[in-house]
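# Structure assessment
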Amino acid sequence: MAMVSDERALAKYKDEDMIMSPLLYLVGQGDRLTPEEATEVFFSVTKLFQANQPSLRRLVYLAIKELAHTAEEVIIVTNCLTKDINSDVDMYRANATRVLCKITDAQMVQQIERYLKQEIVDKNPVVASAALVSGQQLIMHNKGDVVRRWVNEVTQALDHKSPMVQYHALALLYLIKQHDRLAVSKLVQSMCQQGARSPMATVLLVRYVARILSEEVTEGTEYKDMPFFGFLEHCLRHRSDIVMYEAARAIALLPNVSPAELQPAVSVLQRFLVQSRPAVRFAAIRTLSMIASSMPLAVTSCNADMEVLISDPNRSIATLAITTLLRTGSENSIERLLKQIQNFLCEISDEFKVKIVVAIHALCIKYPSKYYALMNFLGNALREEGGYEFKRAIVEAYLGLMNKIPESKETCLSHLCEFIEDCEHAQLSTRVLHLLGKEGPHMPEPGKYIRYIYNRLILENAVVRAAAVSALASFAAESASESLRKSVAILLRQSLMDSDDEVRDRAVFFSQKLGLEAYQKKATAPPGPEEVAELQEDTKQGMNIPCPVPNLEVELTRYLSSGIFDTPFDMTKVSKAALVTSKDSEVSARNESLFGDSTGPDAGLGVSAKAQVDLAEEVMATPEFSSFGRPFKSCPPKDLTEAETEYTAKVIVHLYEAHVILEFICVNTLNDQLLEDVFIQVDTSDVSGLGGMTIVPAPRLAYGEPSRSYVCIDRTEVDEYPLGQLACTMKFSVKDMDPTTGEADEEGYEDEYGLDDLELDVATLMAKPGELPSSFKSAWEALGPDNEVADSFMLEQHDSISSAVTAVMDLLGMTACDGTDNVNDRARGHILLLTGVFVPGVQVMVHAKFVLTSECVALELVLRSELHAVSELLANSISGSD
Amino acid sequence: MKGLSGVEQPLVKAVIIINHDGKRVCSRFCDRVQWDDQESQRDFEMTLLRKILTMGDLSEGVDVMEFKNFVVAYKQADDLLMFVVGGPLENELIMAEVLQSLDETLSITMRGQVFEEAVLDNLETVLLVVDELVDQEGVIMESEPAELAVRVGQQGGSFIDQVPLGEQTLGQALQTARDQITRSILS
C-alpha cells in the first residue's frame, strides 16, 4: 500500500512538512489503515516532534488526533504534549491541550490539571478557549471529575475580553452546574443582568432561559409575569440577528404561549422576511410556518411579505412560504394565491409538490365554499408532469374531499375521469375505476362515466381492464334503466373473450349474474323489470362483504395459520355479530395503538408482542373456548395491581353473546417462589345477569414468566347487561425455591392474594364500529326515532365544555364522528356526535349538545339505537354517574 | 451529543467540502453517532450532492435548506461545494455564519483562490482552518474570519510567505501587506 512507503518517507524527510499533507489527505479520504500500519505511521509521526517547524508541528497534532487509538501510543506522545503545554508559544499550548484532553484518560488529566487551570485564565483567547472547550469534552466523556473543581477559574473567564472565551466559559459553567437547578437559575440570572457581550453566549442564555421558563410555568400563570420572559423580549432587540432569531424562536416554542406574548417575536420574524440574506429569510419562514401550524391567526400579519417570497430563488423558502400562506390566508385571497402557485408548481421537485397538495387539501376542508377553485387547481396539477407520489397525493386529496364536501362529487369525478385517460400508474387507475363504479351510478348522468371506463377496457393492461369490467358491471347492478343495462351488456361482450383469465372471469360472472346475457346473445328475451331488480339485489348481496375487510383479513390469517383445514372457512362466522349492524367491533389495527399505549411501560415484562396484533388471539387459541369463535369485543388490558408488587395481574375482558371471559395475565416477581395452580376467584354477587362459572387455572407461574388463567362466566339473559364490580382474589399454592439453583421444595402451601376490583361499566360493553359512517346525519336518520331517548342533565362537576365532552365520551366509550371531539377552548356551546356498537351488536348513536352556563355545563342528550332497552340503559348511566 | 441531558449549545454536526463529482476534498464529521463509519459519511455526501444538483442554479452567497432532518447551510465556491450541517432544531443563522466564516477564512488564507486544485495544494491550511473553526465534537471554536486566519497562519506557515516578494503578483503582494497589517493590529 502507498501508505507504507509514505510513512517510510516520513522518517527520511524529517524537516519536510510536504509529507504530512498527503498523509492527512489519505486519512481524510477514509482509506483504512490496518492496525499495524496505523501504529507504524503513528510512530513515524511522533518522530516529527523533533522538528521545530511551527506549521509542521500543527499538522502533527492533527495527525495524532486522527491516529492515536491504543494506550501505548497515547503514553508515547503524552510526554511530548505535556512539554508543549508548558511551551511559551501560545499556539502550541492551545493545540497540545486540545489533543491531550482528547486522547488521555481521567488519571492523566489530574496530572495536567494545574496547567489547565492556568490556561483557563490565560490572556490569549486561543489558549483559554482551548482549555475551556477541552473541559467540556472531558465532562462529556466522563473524565471530568477534576473539571468540577474549576468553578472559580471558569467564572473568572466569563469576564474575558474575547467574546468566544466568554461563550465557552458559560457553556462549561452550565455543564458543571446543570444538575443543580438553583445554581443554574442563579447563574442565568446574574448573566442576564450583566448582559453577555458575545452573541453566541447570549444565544446560550436564551436557550437556558427558555428551558427554565418551560419547566417553571404553571397553569394559570402567563409568561409575561415571569421575570425571565423580559430577558427574551429584550433579546428580540439585540443588535445581532442570530440572537434576535434565537429569542423569537424560543418564544414561539414555549409551551402554550399566548398570542399576545408571541406577537413581538412574530414581528421580528416578519422583518427578517425581507432581508437580503437567504439564510435569514429561510430561518424566518421556517419558524413562521411552524407557528402557523398551531396558531395560524398569529401569522396572518405577515401574509403580504410571505406572498413576495413565493418567487424567491431559494425553492425551500418559496415552498415554505406557500404552505404557510395556505394555512393563514383568508378566504378571499385564495384565488390570487392559487394563480401564483400554478406558475411555480412546474419548477419544483416532487417532494415540495406533495407538500403543497397536502396543504391545498387542508385548505379546501377549511373553506368548503372555495372548493371549485381549489379543485380546478388540483385538476391542473394532475395534468402536470410528476411522479407517482405526487399523483397519489392528489388522488388522495380528491377522495378526502368527496367525503367531506358532498357537492364537490361531480367535479371530483370528472377530474378523475380525465386523469385516467392519461395515467401511467396502474394502481391509481384501478383506484379511480373502483370509485367510478361505486359513485358513478348515483350521479345525475351516469352515462357519461361509461365512456371513460370503456376506454380503459380497450386501451389498458390486464389489471386495469379487470377493474374496468367490475366498474362497468356495477353500473348495470345499480341502474334500473333498460338502455343503460343494454349498453353495459354490449360493452362487456368483448371482454368475454379477453386474453386474460381474470378479466374474462369477471365479465362472464357479471354477465350471468346480472342477466345481461340476453342482450349479448340476442336469442333470449331480456328479463323483465322485476326480475332485474331481484338479480341486482342478489348480486349486490354477493358482492358485499358482510363484514369490514380488516376483520375478514384477521380471521383468514388465523384460519390459515391454524393449519386445520377439515372444515372450510366460514365467512358467516366472521360476520355473525356484525350482520345486525353490518359493522364489527374488532378492528385489530386500531386496537393496536390503544393496546400499545396501555402496556407501554411494562411491554417487556408482560404481554407478548403477538398480543399486540390481536387481543383475542390467546383466548381463541385456548381449547376450552375455541368453539366460541371470536368475541364481540376484547377490552384493552387493565391492571389489577400496582406496578411494584409481589405478584402483578392484569385482565383482558372478552365479551361474547352468551359469556364473559376474563383473561388474567399474572406475573410472579419473586425469584424465590414457584406458584402452581393459579386461578382467580371472582365474586359476581354484585353484578346482575351473570350465572355459572368455568375456571381454567394456570398450572405453573415461574419467576418473571407471564402466565394466563381464565374465568368464563355464563350470561343468564342476553338483555340483562353485566354491569357492576367484580371482586377478584388470586389463589395458588406456593413452593419456596432456591433462586440460585432453581430447585423448588417438594411441599407447597395454599395462599391467596387480593386484587383490585374489576369494574364492568357501559364503556366496557361498548365497541368501536368497524367503520365510521361517512355522514352522521344520514346514518342518524336511517336509525330512525323508534327507540329514541332524550334527556337533559346538569353536569355540575365540570366548568368547561372540553372536560364535559371528554367525560361523556369516556363514560359511554363511544367514538366521535365528523371530528366533533375537537372542542374550541373558548366555546360556550358544542355539539358532539357519537357512534358505537353495544354488545352483542346493537348500533347506537348519540347527539349531545353542551352549553356552558355560569355554574356548570348543561347537557341535552338524544340517544338512538336499535333496542329501546339499550337507549334507556345508556341514558341512565349518565344520570347515575352525575 | 452523548452525556448532555440539559440544554444543548449550538453544535455543528459536520463540515463538508466536496467537488461537483461528489469527491471529498476535506470533511469533518463531528457527530460520530449519526455517521459512525466511512460509508455512511460518503453516503451522506453523495445524497447532499444529488440534492444540490436538482436545485438548479445556486445563488452567490450562503443559502440554507432543510435536508433529511438536518439544517444544512450550503455554498458554492468555484468548483467546490461547501456545507455546514446542524441538527433539525439548530439555529439556521449560526450554521450560516459558520459556513460564511469558513468561506471567508479560506479566501483570506488562500488569497481568494478557492477552487479544488488550490485547496488540495494547500490542504494543510484548509485542515487547520477547519480545526480552528469547529473542534472534533462540533463545538464552534471561533467564527471571526480575521482571527481564524491569524490562528492558522500565525507562525508564518502559509505558503505565500515563502514566495519571494518579487515573484508575487501585485494583487498578492497587496494581500500579503494587508494580512500583515491585520495581524499586527489584532495580535
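Each chain has its residues counted from 1, running along the sequence as written. Whichever chain is written first becomes A and whichever ligand is written first becomes 1, with later ones labelled in order. Per-residue local features of the predicted model are confined to residues with pLDDT of at least 70, and side-chain atom pairs are confined, for both listing and counting, to 80 or more; whole-chain, interface and lining totals are unaffected and use all residues. Derived side-chain values reflect all non-hydrogen atoms in the structure, with water molecules and hydrogen atoms excluded from consideration.

Our focus in this paragraph is the overall build of chain B. Numbering of helices and strands runs from the N terminus; a helix is a DSSP stretch of H or I covering at least four residues, while a strand is a stretch of E covering at least two. Scanning chain B from N- to C-terminus turns up six helices and five strands. When its helices and strands are written in sequence order, chain B yields β-β-α-β-β-β-α-α-α-α-α. Every one of the 187 residues in chain B was classed for burial, and the buried ones make up 58%. In what follows, a contact means two residues having at least one pair of non-hydrogen atoms within 4.5 Å. Intrachain contacts of chain B at a sequence separation of at least 6 include 52% that bridge at least 24 residues. Each residue's exposure class comes from its accessible area (1.4 Å probe, protein chains only) as a fraction of the maximum for that residue type: buried when under 20%, exposed when over 50%, partly exposed otherwise.

On to the confidence of the model for chain A. Predicted coordinates in regions of low pLDDT should not be interpreted in detail. Residues and elements named next belong to chain A. Confidence in the prediction for chain A averages 78 pLDDT; 86% of positions are at 70 or higher. Residue-level confidence of the predictor is summarised by pLDDT, bounded by 0 at the bottom and 100 at the top. The least confident element of chain A, judged by mean pLDDT, is helix H34 (residues 588–598) at 33; the most confident is helix H14 (residues 241–253) at 90. For residues 9–15, every residue scores under 50 in pLDDT, and the model assigns this stretch twelve contacts once sequence neighbours within four places are set aside. Note on residues 575–613: pLDDT under 50 across the span, and 70 contacts to partners over four residues away in sequence or across chains.

Before going further, it helps to spend a moment on the pairing of strand S3 (residues 647–655) of chain A. Residue and element names in this part refer to chain A. Across the nine residues that make up S3, a large majority, nine, are buried. Going residue by residue along S3, you find Tyr-647, Ala-649, Val-651, Val-653 and Leu-655 tucked away on one face and Thr-648, Lys-650, Ile-652 and His-654 tucked away on the opposite face as well. Bridging between strand S1 (residues 633–634) and S3 involves two bridges; their strand directions are antiparallel. Note on S3: the bridge partner recorded for Lys-633 is Leu-655. By the bridge criterion, two bridges tie strand S2 (residues 638–639) to S3 in an arrangement that is antiparallel. Looking at S3, one finds that Asp-639 is bridged to Lys-650. Strands qualify as paired when DSSP identifies two bridges or more between them.

Time to look at the side chain of Ser-871 of chain A. All names here are of chain A. Within the secondary structure, Ser-871 sits in helix H40 (residues 868–881). Looking at Ser-871, the relative accessible area reads 0%, which means it is buried. A polar contact of 2.8 Å, which involves the side chain of Ser-871, links it to the backbone oxygen of Asn-787. At 2.8 Å, the side chain of Ser-871 forms a polar contact with the side chain of Ser-865. Leaving out residues up to four positions away in the same chain, Ser-871 has contacts with Asn-787, Val-789, Leu-863, Arg-864 and Ser-865. Here a polar contact is taken to be a pair of N or O atoms separated by no more than 3.5 Å, where protein atoms must pair a possible hydrogen donor with a possible acceptor and residues adjacent in sequence count only if both atoms sit in side chains.

Let's shift gears to the pattern of salt bridges. Any carboxyl oxygen of Asp or Glu within 4 Å of a side-chain nitrogen of Lys or Arg constitutes a salt bridge here. Counting across every chain of the model gives 37 salt bridges over all chains. Its salt-bridge partner being Glu-113 of chain A, residue Lys-117 of chain A comes within 4.0 Å of it at the nearest N-O pair. Of the two residues, Lys-117 of chain A and Glu-113 of chain A are both situated in helix H7 (residues 106–120); the distance of four residues between them amounts to about one turn of the helix. In this structure Glu-113 of chain A comes out as buried when scored by relative accessible area, which is 11%. Put simply, Arg-211 of chain A and Glu-215 of chain A hold a salt bridge, and the shortest N to O gap is 3.6 Å. Of this pair, Arg-211 of chain A and Glu-215 of chain A both sit in helix H12 (residues 199–216), four residues apart, roughly one helical turn. Classification of Arg-211 of chain A by relative accessible area gives partly exposed; the value is 31%. In this structure Glu-215 of chain A comes out as partly exposed when scored by relative accessible area, which is 43%. Connected through shared salt-bridge partners, Arg-98 of chain A together with Arg-28, Asp-131 and Glu-132 of chain B make up one network.

Turning our attention to the packing of aromatic side chains. Put simply, two rings from Phe, Tyr or Trp (the six-membered ring, in Trp's case) pair if the centres are within 6.5 Å, and we call them stacked under 30 degrees between planes, edge-to-face over 60, tilted for the rest. Tallied over the entire structure, the rule returns 14 aromatic pairs over all chains. Measuring from ring centre to ring centre gives 5.4 Å for Phe-44 of chain B and Phe-70 of chain B, while their planes differ by 80°; the resulting arrangement is edge-to-face. Here the residue Phe-44 of chain B occupies a position in helix H1 (residues 38–54), and Phe-70 of chain B occupies one in strand S4 (residues 70–77), the gap between them amounting to 26 residues. Side by side, Phe-44 of chain B and Phe-70 of chain B carry an identical accessibility label, which is buried. Clustering of aromatic rings is evident, with ring pairs tying together Phe-29, Trp-35, Phe-44, Phe-67 and Phe-70 of chain B. One Lys or Arg, Arg-451 of chain A, reaches over the ring of Tyr-452 of chain A and ends 4.6 Å from the middle of that ring. A positively charged side chain is recorded as over a ring if its NZ (Lys) or CZ (Arg) lies within 6 Å of the ring centre. The angle to the ring normal must also be within 35 degrees.

It is worth spelling out the environment of Lys-404 of chain A at this point. Residue and element names in this part refer to chain A. On the secondary structure map, Lys-404 appears in helix H23 (residues 388–404). Given the relative accessible area of 54%, Lys-404 is considered exposed. For the pair formed by Lys-404 and Asp-818, sequence separation is 414 residues and the distance between their alpha carbons is 8.9 Å.

Here we take up the sheet that holds strand S3 (residues 63–67) of chain B. All names here are of chain B. Taken together, the five strands give an open sheet; going across it, the order is S2-S1-S5-S4-S3, and neighbouring strands pair in antiparallel fashion. Each end of this open sheet is capped by a strand with a single partner; those strands are strand S2 (24–29) and S3. Across this sheet, the average inter-strand angle for adjacent strands is 20°, counted without regard to direction. With six bridges connecting them, strand S1 (residues 14–19) and strand S5 (residues 80–86) associate as antiparallel partners. Counted as the bridge partner of Ala-14 is Val-85 from S5. Think of each axis as a best-fit line through the C-alpha atoms, taken over the contacting stretch in the case of a helix, with angles from 0 to 180 degrees between the N-to-C directions. Along the sheet face, H1 touches S1, S2, S3, S4 and S5 and points at about 115° away from the line of S2.

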